[in-house]
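# Structural features, examined
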Amino acid sequence: MTDTLFPAPDWPRIAVQDAQGSFPVRRVFCVGRNYAAHAAEMGNEVDRAAPFYFTKSALAVLPSGRSVPYPPGTSDYHHEMEFVVALGGAAFRVTPDRAMDAVLGYACGLDMTRRDLQARAKDKRHPWDLAKDAENSAVIGPITRKDRFGAIADQSIRLTVDGELRQQGKLSDMVWSVPDLIADLSRYYHLQPGDLIFTGTPSGVGAVDPGAVLRGEIDGLAPVELTLGPPEAS
Ligand code: MN
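Residues numbered from 1 in each chain as written. Predicted model: local features only at pLDDT ≥ 70, side-chain atom pairs only at ≥ 80, totals over all residues. Heavy atoms only, no water.

## So, the overall build of the chain
Inclusion rule: Only runs of H or I of at least four residues qualify as helices and only runs of E of at least two qualify as strands under DSSP, and these elements are numbered from the N terminus. Based on C-alpha atoms, the radius of gyration is set beside the globule rule, defined as 2.2 Å times the residue count to the power 0.38. Partly exposed residues are those whose accessible area sits between 20% and 50% of the maximum for their type, while under 20% is buried and over 50% is exposed, using a 1.4 Å probe and protein chains only. Here a residue-residue contact requires only that any non-hydrogen atoms of the pair lie within 4.5 Å. In these tables, accessible area is a Shrake-Rupley quantity obtained with a 1.4 Å probe, and a residue counts as shielded only by the protein chains included in the view. Charge counting treats Lys and Arg as positive and Asp and Glu as negative, with His and both chain ends excluded. Lys charges are placed at NZ, Arg charges at CZ, Asp charges at CG and Glu charges at CD.
The helix and strand inventory of the chain stands at six helices and 18 strands. In terms of C-alpha radius of gyration, the chain reaches 17 Å, essentially the compact-globule figure of 17 Å for 234 residues. In terms of overall dimensions, the chain has C-alpha extents of about 50 × 50 × 35 Å along its principal axes. With 234 residues in all, the chain has 46% of them scored as buried. A separation of at least 24 residues holds for 77% of the contacts in the chain among residues at least 6 apart in sequence. Summed over all atoms, the accessible surface of the chain reaches about 11,600 Å², with 49% contributed by carbon and sulfur. Distance between charge centres in the chain, computed from 24 positive and 30 negative side chains, equals 4 Å.

Listed below in structure tokens is the structure:
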């Protein structure tokens, strides 16, 4: 066995309710524009021909309940409350009717976004990485097992900031269903245990200031919480 030149990263793990072990994160896939009302508020239409994706580094994952500094390089940091699918099995070129076999469970997640950098990237037809792959930007609550949660139906999804309701929708508002998303992604990737899929956000996204306390909830799941501290001193 060879030693590493410096310490290997401490790979993110997520708590799983009623389980002995935790969930080691492999990859983070995110779906864009999966709720029509959110696409409209961003001035876009939903592309009903195919979903589209972006990714975040697994090392951008932040477990729920932490306080982190307001991130560098933005003055318009936005919340996006999302239903997250956690894979516990492999999927490659699966059909939607087999796709759910790969699902371990679900969690509440926050796809935190530097909206000002995203707008600039869109204008210049540049990639979204600086906007979306911010450090600590994939916040995720404990995973609830698929069987415990039951069918994905019209569960409420909502987010409060400092106790004030900002986002509200239903999982049934998703344009692309979870089986459709897994089947589609599996045309491009060998999906593996540890992969996460952030399935898009309902309308009501907006900026949060240093000091904000965010709390996201979905019926039947443990909540996700984030506290933003002041920016780091330069
Ligand atoms: Mn999102």
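After that view of the structure, there is still more to cover.
## Some details on helix α6 (residues 178-185)
Where burial is concerned, most of α6 is hidden: six out of the eight residues are buried. Turning to α6, its buried residues are Val 178, Leu 181, Ile 182, Ala 183, Asp 184 and Leu 185. Elements in contact with the buried residues of α6: β3 (28-32), β4 (52-56), β8 (81-87), α2 (96-99), β9 (103-111) and β15 (196-198).

## A word on the pairing of β3
For a regular strand, side-chain orientation follows a simple rule: the groups alternate between the two sheet faces. Note the threshold: One requirement defines pairing of two strands: DSSP has to find at least two bridges between them.
Along β3, five of the five residues are buried, which leaves the element largely enclosed by surrounding structure. The pairing of β3 with β4 spans five bridges and is classified as antiparallel. What sits directly across from Gly 32, in β4, is Phe 52. In this sheet, β15 lies alongside β3 in parallel orientation, the contact comprising three bridges. Looking at β15, one finds that Val 28 is bridged to Leu 196.

## Some details on the nonpolar core
Selection rule: Nonpolar cores were defined as sets of buried Ala, Val, Leu, Ile, Met, Phe, Trp, Tyr and Cys residues, with membership established by side-chain atoms within 4.5 Å.
Counting 42 residues, the largest nonpolar core has Phe 83, Val 85, Leu 110, Ile 182, Leu 214 and Leu 226 as its most contacted members. Elements with a contribution of two residues or more to this core: β3, β8, β9, β13 (156-161), α6, β17 (213-218) and β18 (224-229). Ile 182 has contacts with Val 85, Leu 87, Ala 91, Val 94, Ala 99, Met 100, Val 103, Leu 191 and Ile 197, leaving out every residue within four places of it along the chain. Membership of the second largest hydrophobic core comes to 19 residues, among which are Phe 23, Phe 54, Ala 58 and Val 61.

## A few points about the state of the cysteines
To keep it simple, the criterion reads: Note that a disulfide, as used here, is simply two cysteine sulfur atoms within 2.5 Å.
Evaluated as defined, the whole model comprises zero disulfides. Residue Cys 108 stays outside any disulfide, its sulfur separated by 15 Å from that of Cys 30, the closest cysteine. You can call Cys 108 buried: its relative accessible area is 0%.

## Observations concerning the sheet that holds β13
Using the following cut-off: Angles shown run from 0 to 180 degrees and are taken between the N-to-C directions of axes, each axis being a line fitted to C-alpha atoms and, for helices, limited to the stretch in contact.
Strand order in the open sheet formed by five strands is β6-β18-β17-β13-β14, with mixed pairing between adjacent strands. What marks the edges here is a single partner per strand, and that holds for β6 (66-69) and β14 (164-170). Taken over all neighbouring pairs, the strand axes of this sheet differ in orientation by 20° on average, direction set aside. Pairing between β13 and β17: five bridges, direction antiparallel. By the bridge assignment, Val 161 is partnered in β17 with Leu 214.

None of the figures reported here should be taken as evidence of function without further support.
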